[in-house]
Amino acid sequence: MSGRLAFVFPGQGSQYVGMGRALYEAFPEAREVFEEADDRLGYALSRLCFEGPESQLNDTFYTQPAILTVSIAAWRAWQARGGPSPDLVAGHSLGEFTALVAAGALSFPDALYLVQERGRWMKRAGEQQPGAMAAVLGMERAALEEICAEASQETGEAVVVANDNCPGQLVISGGKAAVARAGELARGRGAKRVVPLAVSIAAHSPLMAPAVEPFQAVLKATPFHRPSIPVISNVQARPLQSTPEDLRAELAQQLTAPVRWTESIQWMIENGVRIFVEFGPRDVLSGLIRRIAPEARTLRVEDPETLEQALRALD
C-alpha cells in the first residue's frame, strides 16, 4: 500500500431508508452494533434505518445516532474481515464523533447518547431561533464571507460560511432573512447556483449558541480517553489535542464553528495520506475528496459488496 491511509466518516445528509440492512444481514459484528444501539437508545433504531419512515429518519434527533450506527457497523465489519488500520481518522461534523469511536477516544454507547443529545439540543436551539442553510456553488470562500458580512449588516441577522466542503462547494447558515439575502448577493456576484437545504436549523452558526451550554454538561459527564490514532479536527483542520478536556472543548465548539473539510483533507494530503476509506451511508465524502485532492484514491464501505471491493483494492 503506497502512502498513508485515512478513514473518514459522514455527517447528516447521507442518510436514507434501508441503510445498513445489508451489513446487518451479512455480518454478525454489524448486527451486534445495531442491537447495541437499540438497547442503548431504548427504541428500534435498526428498524428506523431499515424501514423508515423517512420523515422520522430525517429528524436530527434520530438522524445523528442512525448515521453513527451505520458507520460503526461498516467499520466493525471491516475489522472482522481483517481490513488494515488507518494512520489518521476524520469525520464531517457528526462524523467526528464516529472518528473518535474508531480512535478509541469514546465508547460506542457513549457516542450514541452524545449524538442523540446533540440532536436534541440542536433541534431545541432551532425552535428558539429558526434558521436556514443553503449550498453556494462556484464561489470562493473569501468572497462569500464578505457577502455574509454584508447580508448580516443589512438584515440584522447572523449568517456565516458553515461548511467549506470542497473547492466550489460552500454552505451558508444563519437567520432565514440573512441566508436569503446572502443567496441573492451570491447569485448577483457570480455564484453558479444557490441551493436552499431542507433543514430548519442553522447548524455551525451563532444560532446554535443556546445548545452549547446544555451540551457541555452532557460532555462533562461522558468519559473520554486519549485517541490511539490522530483525529483531525473540524474546527482546527489539524489533529486534535488528545486530552479529554481538549476533546470535550472541540465537540462543544463544533456546534457554532464552521466545518473546515477542505483544509482538513489538504492537511492529510500534505502529511502523506494517499488513500481514504469512507465508512457509512452513501459516498458523499468520497466525492468531496476527489474534488479537493484528485490525486488521492478513494474507497468506501457501505455494504458487503463495497467492503469486498475495498479490501481487494488494498490487498
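Residues numbered from 1 in each chain as written. Predicted model: local features only at pLDDT ≥ 70, side-chain atom pairs only at ≥ 80, totals over all residues. Heavy atoms only, no water.

A. Molecular detail of helix α10 (residues 209-220). With twelve residues, α10 should cover 16 Å at 1.5 Å per step; its first-to-last C-alpha distance of 17 Å lies within 8% of that length. The inward-facing, buried residues of α10 abut α6 (95-102), α7 (108-128) and α11 (244-253). (Helix = DSSP H or I, 4+ residues; strand = E, 2+ residues; numbered from the N terminus. Expected span 1.5 Å × (residues − 1). Contact = heavy atoms within 4.5 Å.)

B. Layout of the nonpolar core. By size, the foremost hydrophobic cluster in this structure holds 72 residues, and its most contacted members are F7, W78 and F279. Sort the elements by how many residues they give to this core and helix α5 (residues 60-80) lands first, with ten residues. For F279, the residues in contact, after removing those within four places along its chain, are F7, V8, F9, P10, S71, A74, W75, W78 and V301. Counting residues in hydrophobic clusters, the runner-up holds 20 residues, among them I232, M268, V273 and A293. (Core = buried A, V, L, I, M, F, W, Y, C linked by side-chain atoms within 4.5 Å. Buried < 20%, exposed > 50% of the residue type's maximum accessible area, 1.4 Å probe, protein only.)

C. Here's a closer look at the sheet that holds strand β8 (residues 273-279). With respect to topology, five strands assemble into an open sheet ordered β7-β2-β1-β8-β9, the strand pairing being parallel. In this open sheet, the two strands that pair with only one neighbour each are β7 (231-232) and β9 (297-301). Judged from the two bridges that link them, strand β2 (residues 88-91) and β7 form a sheet pairing that is parallel. By the bridge assignment for β7, A90 is matched with I232. In this fold helix α12 (residues 261-270) packs onto β1 (4-9), β2, β7 and β8, with an angle of close to 135 degrees to the strand it touches most, β8. Where helix α13 (residues 284-292) meets the sheet, it contacts β1, β8 and β9, and its direction lies at approximately 175 degrees from that of β9. (Pairing = 2+ DSSP bridges. Axes fitted to C-alpha atoms, helices over the stretch in contact; angles between N-to-C directions.)

D. Up close: the sheet that holds strand β6 (residues 193-196). Taken in spatial order, the four strands of this open sheet run β4-β5-β3-β6, and their pairing is antiparallel. The open sheet terminates on both sides in strands that have one partner only, identified here as β4 (159-166) and β6. For this sheet, the mean inter-axis angle between neighbouring strands, taken without regard to orientation, is 25 degrees. Here β4 runs beside strand β5 (residues 169-175); their pairing, made up of six bridges, is antiparallel.

E. Examining the environment of A177 more closely. Structurally, A177 can be placed in helix α9 (residues 176-188). Spatially, the C-alpha atom of A177 lies 26 Å from that of P167, the residues being ten residues apart in sequence. Ignoring any residue separated from it by four or fewer positions in sequence, one finds A177 in contact with T155 and E157.

F. Representation of the side chain of T98 within the structure. Considering the arrangement of structural elements, one finds T98 in helix α6. Excluding residues within four positions of it along the chain, T98 makes contact with F9, L68, S71 and I72.

G. Main features of the packing of aromatic side chains. Overall, the coordinates contain ten aromatic pairs when judged by the stated rule. Judged by centre distance (5.3 Å) and plane angle (80 degrees), the ring pair of Y43 and Y62 falls under edge-to-face. Of the two residues, Y43 is situated in the loop between α2 (28-41) and α3 (45-51) and Y62 in helix α5; the sequence distance between them amounts to 19 residues. Among the residues examined, Y43 registers a relative accessible area of 22% and is labelled partly exposed. The interplanar angle of 90 degrees and the centroid separation of 5.1 Å between the aromatic rings of F61 and Y62 together place this pair among those described as edge-to-face. Exposure remark for F61: the relative accessible area of 15% places this residue in the buried category. Taken together through their ring pairs, the aromatic side chains of F7, F9, W78 and F279 make up a single cluster. Directly above the ring of Y24 sits R31, whose terminal nitrogen or CZ lies 5.6 Å from the centroid. (Phe/Tyr/Trp six-rings, centres within 6.5 Å; stacked < 30°, edge-to-face > 60°. Lys NZ or Arg CZ within 6 Å of the ring centre and 35° of its normal.)

H. Quick peek at the packing of α2 against α5. Direction vectors running N to C along α2 and α5 enclose 150 degrees, while the axes themselves pass 8 Å from each other. The angle between the axes of α2 and α5 places the two elements in the roughly antiparallel class. The hand of the α2/α5 crossing is right-handed. Along the contact surface, α2 presents E29, A30, V33, F34, E36, A37 and L41, while α5 presents P65, T69, V70, I72, A73, R76 and A80. (Parallel < 35°, antiparallel > 145°, perpendicular 65-115°, else oblique. Left-handed = near helix turned anticlockwise from the far one by under 90°.)

I. The layout of surface pockets, seen in detail. Computed from the structure, the largest pocket encloses a volume of approximately 970 Å³. Together, 36 residues line the largest pocket, and Q12, G13, M133, L197 and V199 are the ones closest to its centre. Among the elements that line the lining of the largest pocket, the one with the most residues is α7, at five residues. Looking at the lining of the largest pocket residue by residue, the class counts come to 16 nonpolar, 16 polar and four charged. (1 Å grid on protein atoms, 1.4 Å probe; cavity = no way out; pocket = protein on both sides within 12 Å on 5 of 7 lines; lining within 4 Å. Points joined across faces, edges and corners; volume = space filled by probe spheres on them. Nonpolar A, V, L, I, M, F, W, Y, C, P; charged D, E, K, R; others polar.)

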